[in-house]
Every structure is written in structure tokens, then in C-alpha cells.
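Chain by chain, the residues run as shown.
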Amino acid sequence: MSRPFEGIKVIDITHVLAGPFSTYQLALLGANVIKVENPEDPDQARNTGPDHALNNKNMGTGFLTTGSNKRSLTVDLKSEAGQKILTELAKEADVIVENYRAGALASLGLGYEDIKKINSGIIYCSLSAWVQDCGRGQQTAYDQVIQGYSGIMSITGNPETGPLRCGPQLIDFGTGTTAAFSIASALFHRERTGEGQHIDGCLTDMAFVLMGAQITGAVRTGRKLGYQTPDRGQATHSEYMAKDGMRMLGASNHRQHSRFWELVGQPERANKSYNHRREHRNAVAGVTQPFLEPLLQVLQAHRRDGIADQLRDQRDEHQLVAQRGLQVLGLVLVLVLLGLSIVVPAEGLVDRDQRQRAGRENHQRAQQVPRAIVRVQKDGEQDEEAVSYTHLRAH
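Residues numbered from 1 in each chain as written. Predicted model: local features only at pLDDT ≥ 70, side-chain atom pairs only at ≥ 80, totals over all residues. Heavy atoms only, no water.

### What about helix H8 (residues 203-210)?
Move 1: Burial in H8 covers these residues: Leu 203, Thr 204, Met 206 and Ala 207. Looking straight down H8, one finds its buried side chains confined to an arc of 160°; they lie on one side.
Move 2: Elements in contact with the buried residues of H8: helix H1 (18-28), strand E5 (123-128), helix H6 (143-150), helix H7 (170-193) and strand E8 (197-202). (Buried < 20%, exposed > 50% of the residue type's maximum accessible area, 1.4 Å probe, protein only. Helix = DSSP H or I, 4+ residues; strand = E, 2+ residues; numbered from the N terminus. Arc of directions from axis to C-beta. Contact = heavy atoms within 4.5 Å.)

### Looking at the pairing of strand E4 (residues 95-98)
The two faces of a sheet get side chains in turn, since along a regular strand they alternate between them.
Move 1: Across the two faces of E4 the burial is the same, with Val 95 and Val 97 and Ile 96 and Glu 98 all buried.
Move 2: Of the pairings in the sheet, the one linking E4 to E5 comprises four bridges and is parallel in character. By the bridge assignment for E5, Glu 98 is matched with Ser 126.
Move 3: In terms of handedness, the path from E4 via helix H5 (residues 112-118) over to E5 forms a crossover that is right-handed. (Pairing = 2+ DSSP bridges. Right-handed = clockwise from strand over helix to strand, strands pointing away.)

### Points about the sheet that holds E5
Move 1: Ordered by their spatial adjacency, six strands build an open sheet running E3-E2-E1-E4-E5-E8, and the pairing between neighbours is parallel. Each edge of the sheet is formed by a strand with only one pairing partner; in this case those strands are strand E3 (70-74) and E8. Within this sheet the neighbouring strands show an average axis-to-axis angle of 20°, counted without direction.
Move 2: Inspection of the sheet shows strand E2 (residues 32-37) paired to E3 by five bridges, in the parallel sense. (Axes fitted to C-alpha atoms, helices over the stretch in contact; angles between N-to-C directions.)

Geometry only, nothing functional implied.
Structure below.
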């Protein structure tokens, strides 16, 4: 199955997370992504992650998370030769993504206005902390800084803990996701009009987008935002302590609410209005807590039986997939905002031999993709590996 961005060339001049995650999405959809790094100062994500051995090899898990499906190129953009190399790449590129300080690439003659002169259809995406043309445009920031600045930390946590940073870098991932969507929209626009454009995205905007519901509520009511703890909502949509630790109960809409109370033997409590549930939250919570432990035991036993039924007489998960006749074309684990999403595209039904043949063909094609690296010395002269640049451009 062809992918939508096959034939699209993306020059990835990004580092850390938001930028690399945006180009990673494009790569998953078939784009030819060429990651450009400074030979003396590569992406700092290469040295992040819990596996120190990988970090020492500049292949930390923080880098691997968003670095796959890309080709790599090292260029000193501060050198005249490096700027020439990037300019030549830009002539044939469809997309450029960068996340340096506002104006940094423009000062090297590599900004949007410069590239537009040689490639009028270029989609040039700039990601920063504060947007390109504001007073703070020259300042840098990381996810946790924007979490603190925007107020996200002020509504995360509880009175005992105080403000907390959200565990995953939700602003970085959110910015990367929306950047990829914006780039896709710009490519669609170019198909219709032939026009390129400059996309200006920033972490701060993303933070306020993520708090859209809370901000709208505060503006409407004038109430100060507080910790968004579960005890602020419905009792059947909250957290409770069980014998083996904290458990989160999620029975929010009317249908779920009814099923919950039917399951615990008190159907008369079901189908109350949302207002009634909020107003009587503490009283209902007192009734809910005693039912939670036996309910968890029933659900856990049911879950175990379900898994056992699925896996019984199956030697491994591959046999299970083969028996069901599923063509699994991809399995992508993507951190999106607040959790893990598993995307499994499946098209049609094929037998196991067909899947294996397709897998071998894909592997053979992957082996043929050049992994070229170009290094440009500070004096402007290319080193012995520069021949790979011609090979890279040829593809």
C-alpha cells in the first residue's frame, strides 16, 4: 500500500523533541526525511534516556523515539560550504522544518525569505518557544518551562503536592503533532494553488490550546482555576484507593453510569443528571467506595478469563494473527499528549505467505536506502566522506 507522502522531500533541521516528532510523523507517512545536524554539536536528544550505554553511542532512547525512518546528514551551517550544501538541498525540497531561535537561520541566509527565492513552493515550518516575531522570540525554552509559564502546572497536582509538571512532554508532542498537521495542510494547499508558505508554530500557543476548556470556563465564570483533581467531578468518574493501590473509575456518561450502578446492584441510583451528580458528589463517593473492591475482583477475573480464552492453544501471537487472517501493515506506538495510542492500519485479508513475502520485499528495499553522512569542516573544506552527498542527492 502506498503512503500519502511518498516522493515528498523534507529537510529536518530540528533537535530535541517537538521538531523531530513533527518530521517523524511525516516519515511514517512515507516522506523522505533528511535530518541535518551539526557535526560538532549533534541533536542533544542523542544523549538522553535511561540506557547510558546507548547515550554514550549518541543513540539514546530519547533520540530513537523520533529518529527512525530518517536519513542523516551532518553539516556545519555556520560555514560557507555548509550553507551552500543546504541551499542545494532546499532547491529540490518540498518541506523544511527548523526549531532554532527566531531569526537564527535567517542570519545565515537560510531563512524562509531566502529559500523562497530559489524555491517558491517551499513549505517552511519554524517552531519556537514564543513565536517568531514577539518580544521573547530570541529566548529558548523547554517543555517544562512552558508548562510552568502557561499555568498547566498550576492545575496539575493537589494541595498536598503543590504544582506538578505533567510526566510526558505533552507540549512538545502536541506542538509536533499540530506542526505535522499544518505541514500536511500546507502541502494540500500547494497542490491546489502552487503556493508555498511559512508556518510559525510555538510551544506557548500549544499550551494554551491544551488548556482551552479550562481557560474558557475561567473566562466565562470568573473563577480562578484550581487543581483539576478527580474529586472536582462525578463520584463515578474519580479515583479510589483499593487494596493493591490507587484505581481510577471512569463511568461518566449516562449509559456508563447506568451500567455501573446495575453492576453493583443499585440501579435506582442511575441516570441522575450531571448537575445532580456534581452536587451530591461526596455522598455518592461514600456509597461507591465499598463496592469498588469486589467490583475490581469481578472485572479482573473476567479480564483474565478473556485473555486465556484468546490465547489458549495458540503457540504465539503470530499464529493468533495468522488464524484471524489480518494483514498488519504497521504498528506504531506514539506518545500523544497525555497517553499512548496504538495505531494498527489493516487493509483487507491476506494469507501468511503473502505477508511474509511483503515483509522480505520491504526489508530488501530498506537495505538499499543509502545512509549517507556528510561532514563539513570548519574551514569550509569537505572531508573524505563528502562523496556521499552526491549519492544522497541522487536518491
